[in-house]
Every structure is written in C-alpha cells, then in structure tokens.
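Examination of the molecular architecture
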Amino acid sequence: MIVTLTPEHFEQRTTVYGGRGLFAVKPIPSNTLIHASSSPYASVIYREYRKEVCAYCFAYAFEANRGRTWNIKLDPNGTGGVRFCSAECKDAWRREEDIDSMISQMNISIDQLDQKMQRQVENQKMQRQVEIRSGRGDRTSSSSSSLAKLNPTVVTQDFIDSAWKTAENEEFTGEPLSSLELDLVRFLASGLIHRCIERLQESSETRKLACKAGTWSELLDLQNNELEYISAAPHVLERQLRAYKFLRQAAIPTLKQYILNSDSVRAILGRDQGNAFGIFEVDGDDMLGYALFLSASYFNHDCSPNVRKKRHGRSMHFYTTRDIDVGEELCTNYIDIEDSVSERRENLSKNWYFDCVCRRCERELSTLRTNTYPEAKEATGIIGVE
Ligand SMILES: C[S@@+](CC[C@H](N)C(=O)[O-])C[C@H]1O[C@@H](n2cnc3c(N)ncnc32)[C@H](O)[C@@H]1O
C-alpha cells in the first residue's frame, strides 16, 4: 500500500537495495520544505520531562521559560503530570488528541496502577523482613521470569511468538515498572487510543482531526523490525512483555478490546524500532521523548544526506539541503555523520539493524580496505579511491 504523502515533490518507490524510499519527481531547489508530518501516531514524553515539556507542541520550558516548569495543567490537581505551555495548546490537545478524554483517563489509570504496585511491593518487603527476623523465611528470591525459563540461545520468530502467547495468559506481577517501562506503556497507549478513535468515530468530524496522525493501516504498512530488534537486544522482550501485561491491567474499558491479545501492541512495538523519531529540544541536544510519524517513515538514511529534519511544535518538517535532480532518492541521516565510517556502520548495525549501502560508506570502506590491504587493489583492480 502506498501511503498518502505530500505528492508535489516526490513519490514512493522500491529502492534497488530493497524496501521503499522517496524519490524526487522534479528538480527541487535547496532549502525547500518537501514534507510536513503534522502529528505523531504514537508518542511519549519521558517521565522526567513531563512537567517541563508541553504535551501538545513539545515546547521545552528550559528553552523558552528560563528553567521553570509549565504551569497550565490538564486539571487543577495536575493529573498525570500533563502540562501545557499555553491555554491554546491545552485546547488544541483536548480537541485533537484527548477525544472522549481517553488519554486523561488512561494517564490516571496508569498512575493508579503504578502506585498500587509500589505499595504492594513495599508491603511484601516489610512482610519478608518480619519473616526473616522471626526465622520463618529464607533470604533468596523465588521470582523468575517466564523468559528466563525459555532461555534461548538464538532468538527466533517462534521464540518471540511463544513468549507473547504466554504473556497473554499471565497477570502482571513482580517489581513495579521502571520509568523506561512506564514510558513504553504510555507510548503504546497513545497509539492504541488513535486506533480506537479511528474505529469509534468513523463518520464524524472528530475522526478527521484524529487522522492528522495517520491511520492504523498506514502504521501496519511501515517496516516491522520486531525480529531484528529482539535478536539484537533479547533483554528488551522482557521489558515489552511487562509493559503489555501492565497495560492490559491498566486499560480503560474502551481500550480493552485492543489488548485482549498482543497483536496490536506487537504491531506498534515492531514499527517503533527503526521508524520512531527522537523528540529533541528544537535548538538543543536533550532528547525529551520519542514519536512515530507515519508519513515521515519512508526517508532512508544516507551518510551524506540531502534532506534535513526539523521539529516545528508537534510536526516534523523536512527540507532539502542542496539542489536535487529528478529521480534522486531523498534521504535524511539517522545518526551522527561526523563519525568515522566504522563508527557509523557499527551504530547503524547495532541500533538500526542494517548495513548502510550509501555511496559515502562504499567510498570510505573502499579507501579503508585499500589502505589496510594495498595488495587487494592490485589483485582485483576494483578497489580504490575515486
Ligand atoms: C525508516 S525505514 C525507511 C523506509 C524503509 N526502507 C521501508 O521500506 O519502509 C528504515 C529502514 O530502511 C532501510 N534503510 C534505510 N536506509 C538504509 C541504507 N542507507 N542502507 C540500507 N538500508 C537502509 C533499513 O531496512 C531500515 O531499517
């Protein structure tokens, strides 16, 4: 399926190295805005930043407000730490995002379950100490995860499927979620809420607003990196399973149907990795959270990119960095392109799970090989500097 993008400057095509990419359909001058992805489908602001980042436009208080937190709260009690930089942002968020108050209700529910888990663990610890002191308990912990029991040597799709199937029948137990896991729960909830709104209000005006972020089928059309990601970082699966089980327990009634099985959650998680963008300060380096912008997920990476991205409030904008010819692929950079070729390739392989095929890598690798093995150049005649 081809996603609807700003059609004026480019089209989506299959690349020679596999997968899809965006190609210029006409000459484009440098510094042209070629695409704006107006709102994320799923997003989260990290817990530690929630009082300092506007929930709607992602403005960072430390940039604009000289180090103070934002004081326009979602409700007078500051429920869920959701804050805004202005009354306009609060209104827009309520109108466009918090349809039927779903986000507000989910935030409250997540916080309540988290607090309940914290209290339970405190009580269990106290109980245990009493038992140990009175000689009735031993000092070893009996908790072990279902994942540890499966103990894979190589992660396969079967292994992942079976871990998720098991989780579908398990209650959330054990340690309370870490901040990272709670952020993941909120990220998943925001995506599921968009999906729910799309279903609930298919014929209304509200749906049009909600769909600024895109549709569920557009999300499903993104590249799914579940196997690559879990193979590279198997420990992450446990974090995902815990987030899913917690979410199932915390979900408000309207969301329950989307998490009875794990399909929807896995669909979002599989697209998160390899497609999500960091939400950075506009003019700084702090990463405040992350977001999935569906229509912006077709720019491939190049170590000499011809497109740069810049966040404008809630939207992600893409500009050409030089004049572009018809037929050229439009690429951004996913990583720091000041790094050496080895560092870049290691970063892309470890964190993005692909071997970069860009011309700059090819050229620099070639130089590296020639310098390391000069005889290779003589033998083949094909390795050399341009
Ligand atoms: C954000 S998606 C880009 C769109 C993707 N090509 C698709 O078909 O959906 C990132 C994925 O594209 C591929 N990709 C992007 N840049 C690449 C590059 N320079 N070399 C090889 N593969 C690349 C990788 O598979 C990567 O995980």
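Remember, it's a predicted structure, so these values are computed and weren't measured experimentally.

**Focus on the state of the cysteines**
Throughout the structure, instances matching the rule amount to 0 disulfides. A disulfide-free cysteine, Cys85 has its sulfur positioned 3.6 Å from the sulfur of Cys57, the nearest such atom. You can call Cys85 partly exposed: its relative accessible area is 27%.

**Focus: the packing of aromatic side chains**
Tallied over the entire structure, the rule returns 15 aromatic pairs. A centroid spacing of 6.4 Å and a plane angle of 40° characterise the contact between Tyr41 and Trp216, whose relative ring orientation is tilted. One end of the pair, Tyr41, is in the loop between strand S3 (33-37) and strand S4 (42-45); the other, Trp216, is in helix H8 (residues 216-221), with 175 residues separating them in the sequence. Centre to centre, the rings of Phe172 and Phe246 are 5.5 Å apart; their planes meet at 90°, and the pair counts as edge-to-face. Residue Phe172 is located in the loop between helix H5 (157-168) and helix H6 (179-200), and its partner Phe246 is located in helix H10 (residues 235-250); the two are separated by 74 residues in the primary sequence. Considered together, Phe172 and Phe246 belong to a single accessibility category, that of buried residues. In textbook terms, an aromatic cluster arises when at least three aromatic residues are bridged by ring pairs, as seen for Phe10, Phe277, Phe293, Phe299 and Phe318.

**So, the nonpolar core**
Formed by 93 residues in total, the largest nonpolar core has its most connected members in Phe84, Phe246, Leu247, Leu255 and Val265. Top element by residues in this core is H6. It accounts for 10 residues. The residue makeup of this core includes at least three contributed by each of domain 1 (10-39 + 293-371) and domain 2 (42-121 + 152-277). The next biggest cluster of nonpolar side chains, apart from the first, holds 8 residues, and it includes Cys303, Ile335, Cys361 and Leu365.

What counts, and where the lines are drawn
Residues numbered from 1 in each chain as written. Predicted model: local features only at pLDDT ≥ 70, side-chain atom pairs only at ≥ 80, totals over all residues. Heavy atoms only, no water. Disulfide = S-S within 2.5 Å. Buried < 20%, exposed > 50% of the residue type's maximum accessible area, 1.4 Å probe, protein only. Phe/Tyr/Trp six-rings, centres within 6.5 Å; stacked < 30°, edge-to-face > 60°. Helix = DSSP H or I, 4+ residues; strand = E, 2+ residues; numbered from the N terminus. Core = buried A, V, L, I, M, F, W, Y, C linked by side-chain atoms within 4.5 Å. Domains from an automatic or database assignment.

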